[in-house]
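Reading the structure
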Amino acid sequence: DKGNHRHFMEKEIHEQPEVISHTLAHYLDFTQGTSKPLDLPFSFADIDRLAVSACGTAYLAGLVGKYWFERHARLPVDIDVASEFRYREMPISKKSAAFFVSQSGETADTLASLRYCRKAGVPIGSIVNVRESTMARESDVVMPTLAGPEIGVASTKAFTCQLSVLAALTIRAASQRGTISADEERALVRSLSETPRYAAQVLKLDKQIEKVARELASYKHVLYLGRDTNFPLAMEGALKLKEISYIHAEGYAAGELKHGPIALIDENMPVIVIAPHDRIFEKTVSNMQEVAARGGKIILITDQKGAAQATVKTMETIVLPDVPEFIAPIIYALPIQMLAYFTAVFMGTDVDQPRNLAKSVTVE
Ligand code: M6R
């Protein structure tokens, strides 16, 4: 039932404040400001690597997780798309654990990667939205995303709930590995507790985002740029746009601009820059200047500080609330989903059932 929404995708985008809150409550104790103990068959203190494998949007959630685990828990993460992971014969050290991220829990390549790691004899954890799925059954520990059924082929609420679980696990790992103090743990938990409120604020930007989408719908190519955790988000923005609007889009690490994609910049290819005012904001501003100097049109997604300090002319600036850096990837996922959604609506595509795609890819 779509309720009063035009599409399941729209409904699922709007459910995010609630389902994120639900998911986080499963993993975090907000009154104590700590992560809850999980039934993991290992301690994060006893491993020296984490292998992560997934497909599509779930892979991009895992990639954000890599930045988090490495930064906060000082735990190296090897991450691959599952179709590569399963065949590249990666050596898996006995002192590692393996996590698999999947909405359906049935994706063929992800399941094959899981079985590969099972053979290697390391503990297996799955972050899945379907508790009764094959991946859940074959895992030592299931870490559920509590997003509820996701009907739209384009993954939205499952993605932000995957991020929520990975963020909570990062805190758990950091605390077990002693890489954050009790005060830092409380601060991270507190910042996550504010996610649903910020997400609800972002949903109110729908009119502005719809206006940007109306323009975007007249272009054939779009480039997304971001650094750090916004790099996976740039790829997620591009994936979302191409799968439901059929507009060609690419997501790049902003620092890679000079190494190729800058050759494409002209007034016919808008560049969407995802750049909260964080530790490397100034670097992204230089990339925007390079785009502007070549007549490129910029759509900047940033916060109030970023909007004030970006010394560059944009086609449009979407200003989100100032949020703690740790939770930014969860909050910035929303405008890119909304942008893809409204663009697809303008294009008149079948938003919930885009051509050639299936919700669950159970064949290789
Ligand atoms: O069910 P899974 O999370 O394993 O599915 C993985 C991908 O097929 C999925 O995320 C796909 O990329 C989505 N259509 C993206 O919106």
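Looking at an unreviewed UniProt entry, the protein carries the name Glutamine--fructose-6-phosphate aminotransferase [isomerizing], with the source organism given as Aminobacter anthyllidis. Quoted straight from UniProt, the Catalytic activity (unreviewed entry) entry for the protein says "D-fructose 6-phosphate + L-glutamine = D-glucosamine 6-phosphate + L-glutamate". According to its UniProt record, the protein has this under Subunit (unreviewed entry): "Homodimer."

**Some thoughts on the site of the ligand**
Near the ligand lie 13 residues; those nearest to it are Ser102, Gln103, Ser104, Thr107 and Glu243. Within the side chain of Ser104, an N or O atom sits 2.7 Å from an oxygen atom of the ligand. Taking Thr107, its side chain carries an N or O atom lying 2.4 Å from an oxygen atom of the ligand. Protein coverage of the free-state accessible area of the ligand, which is 410 Å², stands at 91%. Because more than half of its atoms lie within 2 Å of the grid, the ligand is assigned to the largest pocket. For the shell around the ligand, the secondary structure elements donating two or more residues are helix H3 (56–73) and helix H11 (230–245). With three residues, the single largest contributor to the shell around the ligand is H3.

**Quick word on the sheet that holds strand E12 (residues 316–320)**
With respect to topology, five strands assemble into an open sheet ordered E9-E8-E10-E11-E12, the strand pairing being parallel. Pairing within the sheet leaves two strands with one partner each, and these edge strands are strand E9 (248–253) and E12. Direction aside, the axes of adjacent strands within the sheet are offset by 15° on average. Bridge count between strand E8 (residues 221–226) and strand E10 (residues 271–274): four bridges; the pairing is parallel. Paired with Gly226 across the bridge in E10 is Ile274.

**Section: the packing of aromatic side chains**
This structure, assessed with the given rule, holds seven aromatic pairs. Here Phe44 and Phe99 contribute two aromatic rings whose centre-to-centre distance is 6.3 Å and whose plane-to-plane angle is 90°, an arrangement assigned as edge-to-face. Taken together, the residues Phe44 in the loop between strand E2 (34–35) and strand E3 (49–54) and Phe99 in strand E5 (residues 96–102) connect sequence positions 55 residues apart. Through successive ring pairs, a cluster of aromatic residues spans Phe42, Phe44, Phe69 and Phe99. Over the ring of Tyr198 we find Arg197; its NZ or CZ atom is 4.8 Å from the centre of that ring. Against the face of Tyr246 rests Arg355, its NZ or CZ located 3.8 Å from the ring centre.

The rules behind each value
Residues numbered from 1 in each chain as written. Predicted model: local features only at pLDDT ≥ 70, side-chain atom pairs only at ≥ 80, totals over all residues. Heavy atoms only, no water. UniProt positions renumbered as here; feature names shortened; annotations may be inferred. Near = heavy atom within 4 Å. Polar contact = N/O pair within 3.5 Å; in protein donor to acceptor, adjacent residues only side chain to side chain. Areas by Shrake-Rupley, 256 points an atom, 1.4 Å probe, with all protein chains shown as cover. 1 Å grid on protein atoms, 1.4 Å probe; cavity = no way out; pocket = protein on both sides within 12 Å on 5 of 7 lines; lining within 4 Å. Sits in = over half its atoms within 2 Å of the grid points. Helix = DSSP H or I, 4+ residues; strand = E, 2+ residues; numbered from the N terminus. Pairing = 2+ DSSP bridges. Axes fitted to C-alpha atoms, helices over the stretch in contact; angles between N-to-C directions. Phe/Tyr/Trp six-rings, centres within 6.5 Å; stacked < 30°, edge-to-face > 60°. Lys NZ or Arg CZ within 6 Å of the ring centre and 35° of its normal.

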